[in-house]
There are 4 protein chains.
Amino acid sequence: MDYMFEGLPDASLYLSGTLDRYTNGTALIPRIAGKIALEEAVGSSLWNAYTTLPATNQINGYDGVPFDDTVGADIIARLTDVPARLQSMDQSGIGYVIVSLTSPGIEGIFDTANATSLAKQANDEMYANYVQAYPDRFGFFATVAMHDPSAAATELERAVTQLGAKGVLINGYSQIGSASNYTVQYLDEDQCEPFWAKVAELNVPVYLHPRPPPPSQQLLYGNGKYPMLAHAAYGFGAETTGHALRLMLSGLFDRYPAIQIILGHAAEALPFLVHRIDTRLEIGVPGADGPYNQTMKHYLQNNFYATLAGIRRLSTVRNTIEEMGEDRVMWSVDYPYESNEDAANWFDATEGLGVETKKKIGWKNAERIFNLTVTTTAS
Amino acid sequence: MDYMFEGLPDASLYLSGTLDRYTNGTALIPRIAGKIALEEAVGSSLWNAYTTLPATNQINGYDGVPFDDTVGADIIARLTDVPARLQSMDQSGIGYVIVSLTSPGIEGIFDTANATSLAKQANDEMYANYVQAYPDRFGFFATVAMHDPSAAATELERAVTQLGAKGVLINGYSQIGSASNYTVQYLDEDQCEPFWAKVAELNVPVYLHPRPPPPSQQLLYGNGKYPMLAHAAYGFGAETTGHALRLMLSGLFDRYPAIQIILGHAAEALPFLVHRIDTRLEIGVPGADGPYNQTMKHYLQNNFYATLAGIRRLSTVRNTIEEMGEDRVMWSVDYPYESNEDAANWFDATEGLGVETKKKIGWKNAERIFNLTVTTTAS
Amino acid sequence: MDYMFEGLPDASLYLSGTLDRYTNGTALIPRIAGKIALEEAVGSSLWNAYTTLPATNQINGYDGVPFDDTVGADIIARLTDVPARLQSMDQSGIGYVIVSLTSPGIEGIFDTANATSLAKQANDEMYANYVQAYPDRFGFFATVAMHDPSAAATELERAVTQLGAKGVLINGYSQIGSASNYTVQYLDEDQCEPFWAKVAELNVPVYLHPRPPPPSQQLLYGNGKYPMLAHAAYGFGAETTGHALRLMLSGLFDRYPAIQIILGHAAEALPFLVHRIDTRLEIGVPGADGPYNQTMKHYLQNNFYATLAGIRRLSTVRNTIEEMGEDRVMWSVDYPYESNEDAANWFDATEGLGVETKKKIGWKNAERIFNLTVTTTAS
Amino acid sequence: MDYMFEGLPDASLYLSGTLDRYTNGTALIPRIAGKIALEEAVGSSLWNAYTTLPATNQINGYDGVPFDDTVGADIIARLTDVPARLQSMDQSGIGYVIVSLTSPGIEGIFDTANATSLAKQANDEMYANYVQAYPDRFGFFATVAMHDPSAAATELERAVTQLGAKGVLINGYSQIGSASNYTVQYLDEDQCEPFWAKVAELNVPVYLHPRPPPPSQQLLYGNGKYPMLAHAAYGFGAETTGHALRLMLSGLFDRYPAIQIILGHAAEALPFLVHRIDTRLEIGVPGADGPYNQTMKHYLQNNFYATLAGIRRLSTVRNTIEEMGEDRVMWSVDYPYESNEDAANWFDATEGLGVETKKKIGWKNAERIFNLTVTTTAS
């Protein structure tokens, strides 16, 4: 029923001959069934994927978990609990999820051989536990070890062609070397070219997922004084925005105009910032900022998709749609770091997006981009 | 707490160590206390104010009541039930209401002497039953008999200066004569001048409330084929929009630039229409459409306030704010024709307006315009 | 170049080494080429199509022309001047236009036989003068005489299948009889059924174009006191909105769910009004307002397209998109009653719509709906 | 005239009896006079204020100037050319400007004694050259040396009480020590308390102006590979956003609830990000991210103003207004790094903000906040 997409219901007025329709202060949220979510993390039985390997002191112990203890334990348990995940999806009207290995995952494994080997095993495990077990409910994004971009290309091809991976998810920069001595590698660096050539050949999207800034780069965040500031509250987004801009400036999308990058969190503030970024680049020394040929806005509108993972805010979503177009925005959750129920309640109840727009964001865009058809029984 | 103005709550996440915060499919709506409402109808013990007097067959029996029987009985009872009104206000976070005589009221009394006399009595009754009885909860808009504009001016002065009326509410055109032979008088007609002079002198706003089109003018609505079409679903607004434009075209606001008209229902589509109205007036024969000196948009932005009576739709409210400014828009209900609870649930839960904007629309604008201070205990 | 869709240019900064880029107070508007326009009026060599036939005193002489003399003469000349139209299209970046007979056209011809005959001749003339002469620049909407709905169905079929008409345009109600004694027929009346059956069979859209309210229905407009108020400034829209709602209430779209109606002028305020219309219909006597099964919003979102003929206002356009979806809104002009250059300047320069949205509204939606491909050399 | 605030003009249609009103592809922009601008940089005769002192290799030579040579020379000349500034203000409808010392200014002077002394002299110079010379056109924000916060407090008091400074502008972090060995100090650090106590006592706003990230923190920007990425195109904003969040987390606004911070560039993406920042802080270890008591959104809405320096984008401005309220947003330019003419052309022509909103942003908010009255002759 169309009213499902219209926000809080205000139909069935006077059904009981009274004006006091609602119990004071609560509202029924019509559940929109069949939604698709794309930034949905899973753990691994092979190692603690949410830490670097071997462990380094990044903020307050681990790469991405400065959590309250209770919350942290709950999240960690949910990373590998498939029945709980399915139950939560059912309660939240989520028909289909593309899972991926949680951050930092492979990118936080310092040793190249180990990273390359574990990436392959992790893909096999995601395939077996999710896709093969519940083909109607789960797809997966492959993980690859960018430490060796040629090997990453090979593994990507295997994951896509043999395991049916819907694309690949990269957790930002890779740390390569050892815990005490490593280099940080971003995706725009020259040595990554074999990976990008394979991405273009396979024609699958690359989800660029956040990591906190490297430990040496946390002066702005007080070097641990404000751990969440360096983490998901702000540092994640600042880091990922910069990484995405490096890809644009590097000319990647001029060399491979069809490559598509997915960014979570409403494209990490790029919709808000991109116009000024372009006007400021204009006053730089021509060519000094990289061999790009188009505006950053052009790349954003032609080479990027945004998901709403972690976003429950109308002003942010509207800004994103206005800059990227409603055909490039997809709902998501970021489970289990976010609640499926919270994310669904916000989206299902929001009135500030048109009916057709909500359908596109809720599932139609994902169906088109990933060639999916999600069968659902409307709740 | 500020989160009260932010839409559906998504705070207190993980309070219980679980992500499944909400009972699936319901949400708590934080109630915003102290709201003010301005298009709130009351009946009269003196006559059936929601019919013409004597009765005429307007659509299907009465001026404004082609209601479902159950609904109609409930509404009619509520028009005069003060305790039920107060209880509903309390449940809905409404701190203060300016009541007015329901449509058609005085404007539907054909006989001039009778209309003039009943207006005076109705004002005394509204004052006694609402303002005097509950001075912290109620104000009132006076009613006057436009059949005799000089007498209307006299009664308006009495109501404002002696009874503390917050302004005057006019139910559209007046029917003057008898049930079988009457003229229809709009407020831009020359004979209304003494009334407007007094309005300007007293410096009080005039609420222009809808009526359905006169019976002879209902060909578009199928002459009864679609009763609600001629009534609140569409005819009310089409009629009132035209009436407001007549005032603008008549030069009233050039003669009295300080006069302020209040329109309900998001200014009855004028925010959506006004730009085109102005561009089309430009191609007319100069002067042939009235002695006005400004654009209709100028009048809308300088001589009109909008209430949200009957409006629970973000796109409509945003359009209204964009054209009239957030300082000229005031929330309202249209009780008992609308539900206080529905109206409050929508407004309290909507996220699509900024925090400060919600405060202005919720009560701050009304406090400024009517020189009120509403004391409330935040729920 | 994508910057063409971004509003006023602010690129090429510092081209001359100076910050004073613009001559103070003017801006270059990047012209967007290849736009499609759909509410574009033409006259007829067969009779004065912009008057009723025989003439009646509608407002101040004619059905739709209370114009300033200079303006009126210019408009009338342009209705039939094809080279001037093409030149103006070229200057304004308009690649393709679907023309139609100006209002009142056939609907203002009282005699049924005459109306039926002239409709056929007018279609032949539009085909010859526009489509056959400039197949890359013009299509046409057929005209039919609703006086005899079966004959109208026959002529519609001929126009579509033999002349390639893109649909049919109806100028509101038809006046049937004689100048001194006629009935007014709206499209929801029972006798129109054969026409609608043929529309559904041919699967072509129906453009519902405005007329001023019938002479007997102009009390609200002062019976000639404010001629433009009854005409394009307000009466056109109020009349057409009511007519569209009659179609919805009549159950037409329940009987023929695929029928598509095009409304000009941003759907004549329905996007602003429709939510309240639905909530008010809910309190009516069930079934008393017609045999419809869906909300009016459902019909608006599934059976209506909007054009922006005559609209150059961002708030209005945004409201329309929000309610109808960006895939159902199409730019247009209303030439020669509006200026191609004005309409194009506004649309080409506006920044308040996203790039992809502007492309859809500018031509992509029309290409999809009318199965067109407009070849253009980007300016 | 009100039409001045309505976007591109479309009045005076048919003035010449023709529809071809505009020369194809250009539009007259109605100039809005009397605007106020707040992020307007000036140089100093005392030292090269746009470099660190002594010079360090920050990105490609200086703190903030990886400019094209022609552009750079033009900007540097304009920093100190008062007549050119006034001429540009006149051409752009700018009535009044609050100037401030360009970045890095005092914050880039390593030696504490030198910084303290030069701050005092710079304030005297700004006062003499701008405020004393053109009291109707210029005010100034003081500069202070945060190297010695007590001395900074003393100088702030002198500047405000004796020179009439409108507040103080701080260029982000301070570098304290020597060019080869310095510490970086942010404004939330404990030793800054005497400064904040004086700010609260004097009740003047603090403009937090960007700097690029410190040299050691530019790994994300390729350590010079993309100089503009670290600079105004992105690094400025990322750095300043983090700095502002440090102030919020530090509890500064709980200790001094009346302190007001001004951020340029539409509050540096905080409006887009703030909702998610709050929801992510909720899952952190309670108290571990600082002794703050409110949400970041609360601080943004109660302790921050935004200017539109460098912003010419409707989607960004609307997002900012929606989160911060239209009473907390002020137009600005960032001259001479941005063009007065470009900034004015965009703002004067934009239609996507309401008339009253444009007046508030254009000058009314600044008049209220800085207790100004700007006299202007409307152009």
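Residues numbered from 1 in each chain as written. Chains lettered and ligands numbered in written order. Predicted model: local features only at pLDDT ≥ 70, side-chain atom pairs only at ≥ 80, totals over all residues. Heavy atoms only, no water.

Taken together, the 69 residues of chain D in the interface contact 68 residues of chain A. The largest per-residue losses of area from chain D upon contact with chain A belong to Leu220, Phe272 and Arg276 of chain D, which jointly make up 14% of the total buried on that side. Here chain D is connected to chain A by 10 salt bridges. The salt bridge involving Arg313 of chain D is made with Glu323 of chain A; its shortest N-O contact spans 2.7 Å. Where chain D meets chain A, there are 34 residue pairs in polar contact (both at pLDDT 80 or more). If you list the elements that add at least two residues to the side of chain D that touches chain A, you get α6 (227–230), α7 (235–249), α9 (265–268), α10 (270–281) and α12 (314–324) of chain D. (Contact = heavy atoms within 4.5 Å. Buried area = accessible area lost by both parts, 1.4 Å probe. Salt bridge = Lys/Arg side-chain N within 4 Å of Asp/Glu carboxyl O. Polar contact = N/O pair within 3.5 Å; in protein donor to acceptor, adjacent residues only side chain to side chain. Helix = DSSP H or I, 4+ residues; strand = E, 2+ residues; numbered from the N terminus.)

Let us now look at the pairing of strand β7 (residues 181–185) of chain B. Residues and elements named next belong to chain B. Pairing between strand β6 (residues 174–178) and β7: 5 bridges, direction antiparallel. Paired with Gln175 across the two strands is Val184, which belongs to β7. Hairpin geometry of β6 and β7 is characterised by an intervening segment of 2 residues between the two adjacent antiparallel strands. (Pairing = 2+ DSSP bridges.)

With that settled, consider the side chain of Thr279 of chain B. All names here are of chain B. Structurally, Thr279 can be placed in helix α10 (residues 270–281). Take Thr279: its relative accessible area is 3%, and that puts it in the buried class. Within polar-contact distance, the side chain of Thr279 engages the backbone oxygen of Arg276 at 3.0 Å. (Buried < 20%, exposed > 50% of the residue type's maximum accessible area, 1.4 Å probe, protein only.)

Note that side chains of opposite charge can pair when their charged atoms are close. Evaluation of the coordinates by the stated rule reveals 84 salt bridges over all chains. In this structure, the salt-bridge partner of Asp327 of chain B is Lys360 of chain D, at a minimum N-O distance of 2.8 Å. Taken together, the residues Asp327 of chain B in the loop between α12 (314–324) and β11 (329–330) and Lys360 of chain D in helix α14 (residues 355–370) connect one chain to another. In terms of burial, Asp327 of chain B and Lys360 of chain D fall into one category: buried.

Before going further, it helps to spend a moment on helix α1 (residues 69–80) of chain D. Residues and elements named next belong to chain D. Helix length check: α1 (12 residues) gives 18 Å between terminal C-alpha atoms against 16 Å at 1.5 Å per residue, within 8%. For α1, the complete set of buried residues consists of Val71, Gly72, Asp74, Ile75, Arg78 and Leu79. Across the axial projection of α1, the buried residues extend over an arc of 165°, all falling on one side. The elements touched by buried residues of α1 are β2 (35–42), α2 (82–92) and α3 (112–132). (Expected span 1.5 Å × (residues − 1). Arc of directions from axis to C-beta.)

Below, the discussion takes up empty space enclosed by the protein. Reported here for the largest cavity is a volume of approximately 940 Å³. Lining the largest cavity are 43 residues, with Arg318 and Glu322 of chain A, Arg318 of chain B, Arg318 of chain C together with Arg318 of chain D sitting closest to its centre. Mapped onto the lining of the largest cavity, the elements with two or more residues apiece are α12 (314–324) of chain A, α12 of chain B, α12 (314–324) of chain C together with α12 of chain D. Within this model, the second largest cavity holds a volume of roughly 320 Å³. (1 Å grid on protein atoms, 1.4 Å probe; cavity = no way out; pocket = protein on both sides within 12 Å on 5 of 7 lines; lining within 4 Å. Points joined across faces, edges and corners; volume = space filled by probe spheres on them.)

Time to look at the confidence of the model for chain A. Residues and elements named next belong to chain A. With 89% of its residues at a pLDDT of at least 70, chain A reaches an overall mean of 90. Low pLDDT, under 50, characterises residues 10–24; the stretch is placed with 46 contacts to residues that sit more than four places away or in other chains. Predicted as a complex, the structure gets a pTM of 0.94 and an ipTM equal to 0.94. (pLDDT = per-residue confidence, 0-100.)

Right, let's talk about the relation of the copies chain D and chain A for a bit. Its rotation angle being 180°, the transformation that places chain D on chain A also includes 0.0 Å of axial translation and leaves an RMSD of 0.0 Å. The superposition operator between the copies reduces to a two-fold rotation axis. Residue Gln217 of chain D of chain D places its C-alpha closer to the rotation axis than any other residue of that unit, at 2.6 Å. (Least-squares fit on C-alpha atoms with pLDDT ≥ 70 in both.)

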